[in-house]
Structures are given as structure tokens and as C-alpha cells.
Amino acid sequence: MEHRRELLSGLLHGAADALPVSSSGHVAAAEALLGWHAEDTVGLHAGSLAAVVVAFHREAVAILRRLTWRRVG
């Protein structure tokens, strides 16, 4: 049952992350409405970051290769 809640929270967070609204707010509202206790919202954000890195890894590598110390400064 615990894994089902985490999966549903992750799906909601991922879907709402593409919208110009607070995805964390949607997860918090859904958990409040369903009577769930939020246990690992940091994991949701880490999962979203991992998905973005996997999806855009080529673009990220290209940007990092063009990065110079002068641009960083």
C-alpha cells in the first residue's frame, strides 16, 4: 500500500511539474484530501531532477562543454 501512495504521488508530481503551477502544491493538496501523510517529498523532487537530466543530458553536456572559467566568473 505504501508503494502505491508513493507511485501515485510521483505520477501527480511529474504531471504537474510540466504545468506553470506548483507541482508540490498539487501533491500536498492531494495528500491532504486523501488523508495521506507526506513522507518523502524530497524524493519526488530528486526524481523529477533525474528525469530532466536523463531527458536532456545531451543538451546539458553541450552547455557544459562550452562553459569557460570566464563565463563562470
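Residues numbered from 1 in each chain as written. Predicted model: local features only at pLDDT ≥ 70, side-chain atom pairs only at ≥ 80, totals over all residues. Heavy atoms only, no water.

On to the overall build of the chain, then. For the chain, the count of helices and strands is five helices and zero strands. Per-residue burial for the chain yields a buried fraction of 12% across its 73 residues. Per element, the accessible surface of the chain, about 6000 Å² overall, is 66% carbon and sulfur. (Helix = DSSP H or I, 4+ residues; strand = E, 2+ residues; numbered from the N terminus. Buried < 20%, exposed > 50% of the residue type's maximum accessible area, 1.4 Å probe, protein only. Areas by Shrake-Rupley, 256 points an atom, 1.4 Å probe, with all protein chains shown as cover.)

The next point concerns a nonpolar patch on the surface. On the surface, a nonpolar cluster with roughly 510 Å² of combined accessible area is contributed by Leu-64, Leu-67, Trp-69 and Val-72. Structurally, Val-72 is set in helix H5 (residues 69-72). (Patch = residues over 30% accessible without salt bridge, like charges linked within 9 Å, V, L, I, M, F, W, Y side chains within 5 Å. Salt bridge = Lys/Arg side-chain N within 4 Å of Asp/Glu carboxyl O.)

This part takes up the environment of His-26. Locating His-26 in the fold gives a position in helix H2 (residues 23-34). Here the alpha-carbon distance between His-26 and Leu-12, two residues 14 residues apart in the chain, equals 7.4 Å. Sequence-distant contacts of His-26, defined by excluding residues within four places in its chain, comprise Leu-12, Ala-16 and Val-21. (Contact = heavy atoms within 4.5 Å.)

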